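Here are the chains, one letter per residue:
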Amino acid sequence: MNNGNKPNLLILGAGGFGKSVAELAKPLNLWSEICFADDSWPNTLEINNHKVISDILGLGKLNLAAHQAIVAVGNNELRQKWYSLLHSLDIPFASVIDPSAIISPSTKISDGVIIMAGCIVGASVKIHSGAILNLGTLVDHDVEIGSCAHLSIGVKVASGKKIAPLTFLKAGTLVAD
């Protein structure tokens, strides 16, 4: 139930990463309620004390005017597809950023970005919509991260690099000269 002051957060995907994003989002206190849309619905109605309100295709049948949404699945192509669905339904994107992340004030972060604990992001970085920076990712200055790219746990990106949209960098990858 929305208290009128804050939007609700709708997380698409209630698997392991979705649960992690919900746990990150709750203490941020930016949303009145956190809920999921997941294809396990209607067999699953609750995950970790958060309601599962719909499957993905059923979102268009709901009144989601008081919601922001984030897509929390690691599959880049599926994440892009679900962001396109959200866009077509006029549901605004949220970004969920762990407060322990160190992010330069000159970094530009689009909506729909997830930045997990322990990330460090340098000066003049651009992070496009739908990107994920997973635990402990390090991004040096002047890097551009394309839409729906996924930098997995412990990825390190040297200065000036461009990560193309939909790129998946596996855990521990080093992107340098």
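The preceding data block contains the structure.
All figures in this text were calculated on a predicted structure; none of them were measured in a lab. Here the residue index of a chain counts from 1 through its sequence in written order. Where local features are concerned, this predicted model is filtered to residues with pLDDT of at least 70; where side-chain atom pairs are given and counted, the filter is 80 or more; whole-chain, interface and lining totals use all residues. Here the side-chain values reflect all heavy atoms present in the structure, with hydrogen atoms and water set aside.

**Let's talk about the overall build of the protein**
In this text, helices come from DSSP runs of H or I with a minimum length of four residues, and strands from runs of E with a minimum of two, each type numbered from the N-terminal end. Counting secondary structure elements, the protein contains two helices and 19 strands. Relative to the compact-globule value of 16 Å for 177 residues, the protein shows a C-alpha radius of gyration of 16 Å, a close match. Expressed as lengths along the three principal axes of its C-alpha atoms, the size of the protein is roughly 50 × 30 × 25 Å. Buried means the residue's accessible area, taken with a 1.4 Å probe over protein chains only, is under 20% of the maximum for its type, while exposed means over 50%, and partly exposed covers the values in between. The buried share of the protein, taken over its 177 residues, is 44%. The criterion used for residue contact is that any of the two residues' heavy atoms lie within 4.5 Å. Across the protein, the fraction of contacts at a sequence separation of at least 24, relative to all contacts at a separation of at least 6, is 33%. Of the roughly 8,600 Å² of accessible surface on the protein, a fraction of 55% belongs to carbon and sulfur atoms. When the 13 basic and 14 acidic side-chain charges of the protein are each reduced to a single mean position, those positions are 2 Å apart. Restricting the calculation to C-alpha atoms gives the radius of gyration, and the globule rule supplies 2.2 Å times the number of residues raised to the power 0.38. The protein chains shown are the only cover counted for residues, whose accessible areas, like all others here, come from Shrake-Rupley with a 1.4 Å probe. Residues counted as positive are Lys and Arg, residues counted as negative are Asp and Glu, and His and the chain ends are not counted. Charged groups are reduced to one reference atom each: NZ for lysine, CZ for arginine, CG for aspartic acid, CD for glutamic acid.

**Let's talk about the packing of aromatic side chains**
Between two aromatic rings, the relevant description is the distance of the centres plus the angle of the planes. Only centres within 6.5 Å qualify two rings of Phe, Tyr or Trp (six-membered ring in Trp) as a pair; their planes then separate them into stacked at under 30 degrees, edge-to-face at over 60, and tilted for everything else. For the structure on display, the rule yields one aromatic pair. Here the aromatic rings of tyrosine 83 and phenylalanine 93 are separated by 4.7 Å at their centres, their planes lie at 65°, and the arrangement is edge-to-face. Linking tyrosine 83 in helix 2 (residues 76-88) with phenylalanine 93 in the loop between helix 2 and strand 6 (96-97), this pair joins segments that are 10 residues apart in sequence.

**Focus on the sheet that holds strand 8 (residues 108-109)**
Following DSSP output, two strands are said to pair if at least two bridges run between them. Read across the open sheet, the four strands follow the order 8-11-14-17; overall the sheet is parallel. The open sheet terminates on both sides in strands that have one partner only, identified here as strand 8 and strand 17 (162-163). Bridge count between strand 14 (residues 144-145) and strand 17: two bridges; the pairing is parallel. If you follow isoleucine 145 over to strand 17, its bridge partner there is isoleucine 163.

**Quick notes on the pattern of salt bridges**
Salt bridge, as used here: a side-chain nitrogen of Lys or Arg that lies within 4 Å of a carboxyl oxygen of Asp or Glu. Enumeration according to the criterion identifies two salt bridges in this entry. Measuring nitrogen to oxygen at the nearest pair gives 3.1 Å for the salt bridge that ties lysine 162 to glutamate 144. Of this pair, lysine 162 sits in strand 17 while glutamate 144 sits in strand 14, placing them 18 residues apart in sequence. What makes lysine 162 exposed here is its relative accessible area of 66%.

**Section: unusual backbone geometry**
That bond from tryptophan 41 to proline 42 is cis: its omega, 10°, falls within 30 degrees of zero. Locating proline 42 in the fold gives a position in the loop between strand 2 (34-37) and strand 3 (46-47). Even without being a glycine, asparagine 48 presents a positive backbone phi close to 50°. With respect to the helices and strands, the residue asparagine 48 is situated in the loop between strand 3 and strand 4 (50-54). For asparagine 48, a relative accessible area of 47% corresponds to the partly exposed category. Unusually for a residue other than glycine, serine 124 sits at a positive phi of about 60°. The residue serine 124 is located in the loop between strand 10 (120-121) and strand 11 (126-127) in this model. For serine 124, a relative accessible area of 36% puts it in the partly exposed group.

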